[in-house]
Amino acid sequence: MPTVLRHPGTVLRDHVFAVPLDHARPDGEQIEVFAREVVAAGRQDEELPWLLFLQGGPGNGAPRPVGRADWLQVALRHYRVLLLDQRGTGRSSPANRQSLAARGTARQQAAWLAHFRADSIVRDAELIRKRLLGEDVPWSTLGQSFGGFCTLTYLSLAPEGIREAFVTGGLPGLRTGPEDAYRAAYPRVAAKNAAHYARYPQDVATVRRIAAHLAEHEVRLPDGSPLTVERFQYLGMLLGEGSGSHRLHYLLEDAWIEGAAGPELSDGFLEGVRAQVSLAANPLFAALHEPIWAQRSVSAGGTRWAAQRVRAEFPEFDAGRALAGDGPVLFTGEMIYPWMFDLDPALVPLREAARLLAERGDWPDLYDTRRLARNEVPVYAAVYHDDMYVDRDDSLATARAVARVRTWVTDEWEHDGLRVSGGTVLERLVATARGEV
């Protein structure tokens, strides 16, 4: 019997589905996928169209809503919403150091993890759609960030399952390989650094002081893991969010405390850093972030730690070089580096499996460009002009290559506009779909 919860203004129903680990072997190993249905209170018995929410990531569970905050308040005016915990996340069968320990060798673990990309997520969604709605009833989709990547895969593999698609900050380059993605990303991250330091010029000296201290001393976070200069630079992930620059500044301004032996990094600062750099809550993000770009037709040689290799082309991100001069130390962004699997306790057990995934060169294609060129499903996409995570030019090129895509390009919001705009972003896209804009 499904669990039913009542929150302020909403009724929630839990669903658990058994799906094949490998959809090419439907009678093989089964895993569980969890999803939560949300409907406006008082409308639970209405015949409402369904909206499937595809979360960003990869490796993040769906939102856990309380009431009708943010974009959900807009969605519930029109739809019955299904919040999907993509395979390996949330309450779906987990993929982390604890569950992988039962998977045998690193090679067996890597082979298992290879089934957690967008193509498998989409096939899960199709099975769920047919069980909930019926074989011939399509639903609408809302893809945020990586959820937009999944949307383009959905339109490539099973467009008959989608009535209309909304995408926010997530139109990928259809033929963008991992090296291309990071070669375009580092300049965007550098621009976000420049904007942050222009907003908070005092942070230049603060960051240099912290980086110099980390270069000369062994510092450990509250979980016991090392805080190196490169790991400190990873705080730049914050710079792609609307309030991220401000949050980074507030974290930095509390960095130092006067200890018995002189100034030292405060416990509060170190805990704040740990909360940002630890991937214990979403280890799949580390293991699969580069493979989301991997396709046989564009990256036959494998990802091979593309972010690390491409970083050498941008020496301005070398903290040692910056400290040798008088310039700012730059933060990095949404990049995964091999050293993370040496330092993060949640990732250390995945180190060898991650290496094997990085070396894999036979990843299936995720996008059918010919089919997308003939796409008949209306797609409404918000493209953020200054998006640090997803390249604007790639997004617009994809919008031109895929039929029936309408874009709204805006600089009013950053990558997290869906979540922080109070519903404005989704409201604009839905109004466009309804012919009101």
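Treat the numbers as computed from the prediction; the structure is a model and nothing was measured. (Residues numbered from 1 in each chain as written. Predicted model: local features only at pLDDT ≥ 70, side-chain atom pairs only at ≥ 80, totals over all residues. Heavy atoms only, no water.)

### Some words on the pairing of strand β6 (residues 139-144)
- Burial analysis of β6 places 6 of its 6 residues in the buried class, the great majority of the element.
- The alternating pattern of β6 places Trp-139, Thr-141 and Gly-143 on one face and Ser-140, Leu-142 and Gln-144 on the opposite face, and all of these are buried.
- Judged from the 4 bridges that link them, strand β4 (residues 50-54) and β6 form a sheet pairing that is parallel. Across the sheet, Leu-54 pairs through a bridge with Gly-143, a residue of β6.
- Inspection of the sheet shows β6 paired to strand β7 (residues 162-168) by 5 bridges, in the parallel sense. Counterpart to Trp-139 in the pairing with β7 is Ile-162. (Buried < 20%, exposed > 50% of the residue type's maximum accessible area, 1.4 Å probe, protein only. Helix = DSSP H or I, 4+ residues; strand = E, 2+ residues; numbered from the N terminus. Pairing = 2+ DSSP bridges.)

### Focus: the pattern of salt bridges
- A complete count under the given rule lists 29 salt bridges for this structure.
- The closest approach of N and O atoms between Arg-77 and Glu-427, which form a salt bridge, is 3.1 Å. Of this pair, Arg-77 sits in helix α1 (residues 71-78) while Glu-427 sits in helix α19 (residues 424-433), placing them 350 residues apart in sequence.
- One salt bridge connects Arg-304 with Glu-179, and the closest N-O pair in it is separated by 3.8 Å. Remark: Glu-179 occurs in helix α6 (residues 178-199) and Arg-304 occurs in the loop between α11 (283-288) and α12 (306-311); sequence separation between them is 125 residues.
- Judged by its relative accessible area of 41%, Arg-304 falls in the partly exposed class.
- One network of salt bridges, in which partners are shared, links Glu-179, Arg-183, Arg-304, Arg-309 and Glu-313. (Salt bridge = Lys/Arg side-chain N within 4 Å of Asp/Glu carboxyl O.)

### Some words on the nonpolar core
- Core analysis: the largest hydrophobic core is formed by 115 residues, its most contacted members being Phe-232 and Phe-269.
- Looking at this core element by element, the count peaks at 7 residues for α6.
- If sequence neighbours within four positions are ignored, Phe-232 has contacts with Val-207, Ile-210, Ala-211, Leu-214, Leu-227, Leu-252, Phe-269 and Phe-331. (Core = buried A, V, L, I, M, F, W, Y, C linked by side-chain atoms within 4.5 Å. Contact = heavy atoms within 4.5 Å.)

### What about the packing of aromatic side chains?
- Tallied over the full model, the rule gives 10 aromatic pairs.
- With 5.5 Å between their ring centres and 65° between their planes, Phe-232 and Phe-331 make a pair best called edge-to-face. Here Phe-232 is found in helix α8 (residues 229-233), whereas its partner Phe-331 is found in the loop between α13 (319-324) and α14 (340-343), with 99 residues between them in sequence.
- For Phe-331, a relative accessible area of 1% translates into the label buried.
- It is Arg-87 that lies over the ring of Phe-116; its NZ or CZ is 5.5 Å from the centre.
- The ring of Tyr-337 is capped by Arg-311, whose NZ or CZ atom sits 5.2 Å from the centre of that ring. (Phe/Tyr/Trp six-rings, centres within 6.5 Å; stacked < 30°, edge-to-face > 60°. Lys NZ or Arg CZ within 6 Å of the ring centre and 35° of its normal.)

### Some thoughts on unusual backbone geometry
- For the peptide bond that leads from Gly-57 to Pro-58, omega is 5°, which places it in the cis range.
- With respect to the helices, strands and loops of the structure, Pro-58 is situated in the loop between β4 and α1.
- The phi dihedral of Asp-70 is positive, around 55°, even though this residue is not glycine.
- Locating Asp-70 in the fold gives a position in the loop between β4 and α1.

### Remarks on the side chain of Gln-233
- As for its placement among the helices and strands, Gln-233 is situated in helix α8.
- Classification of Gln-233 as buried rests on a relative accessible area of 1%.
- A polar contact is formed between the side chain of Gln-233 and the backbone oxygen of Leu-330, at a distance of 2.7 Å.
- Not counting residues within four places of it along the chain, the set of residues in contact with Gln-233 comprises Arg-311, Phe-317, Ala-319, Val-329, Leu-330, Phe-331 and Thr-332. (Polar contact = N/O pair within 3.5 Å; in protein donor to acceptor, adjacent residues only side chain to side chain.)

### Topic: the sheet that holds strand β10 (residues 379-384)
- The 9 strands lie next to each other as β1-β2-β3-β5-β4-β6-β7-β10-β11, forming an open sheet whose pairing is mixed. The outermost strands of the open sheet, each flanked by one partner alone, are β1 (4-7) and β11 (405-410). Direction aside, neighbouring strands of the sheet carry axes that sit 20° apart on average.
- Running at roughly 140° to β6, helix α5 (residues 146-157) makes contact with β4, β6, β7 and β10 of the sheet. (Axes fitted to C-alpha atoms, helices over the stretch in contact; angles between N-to-C directions.)

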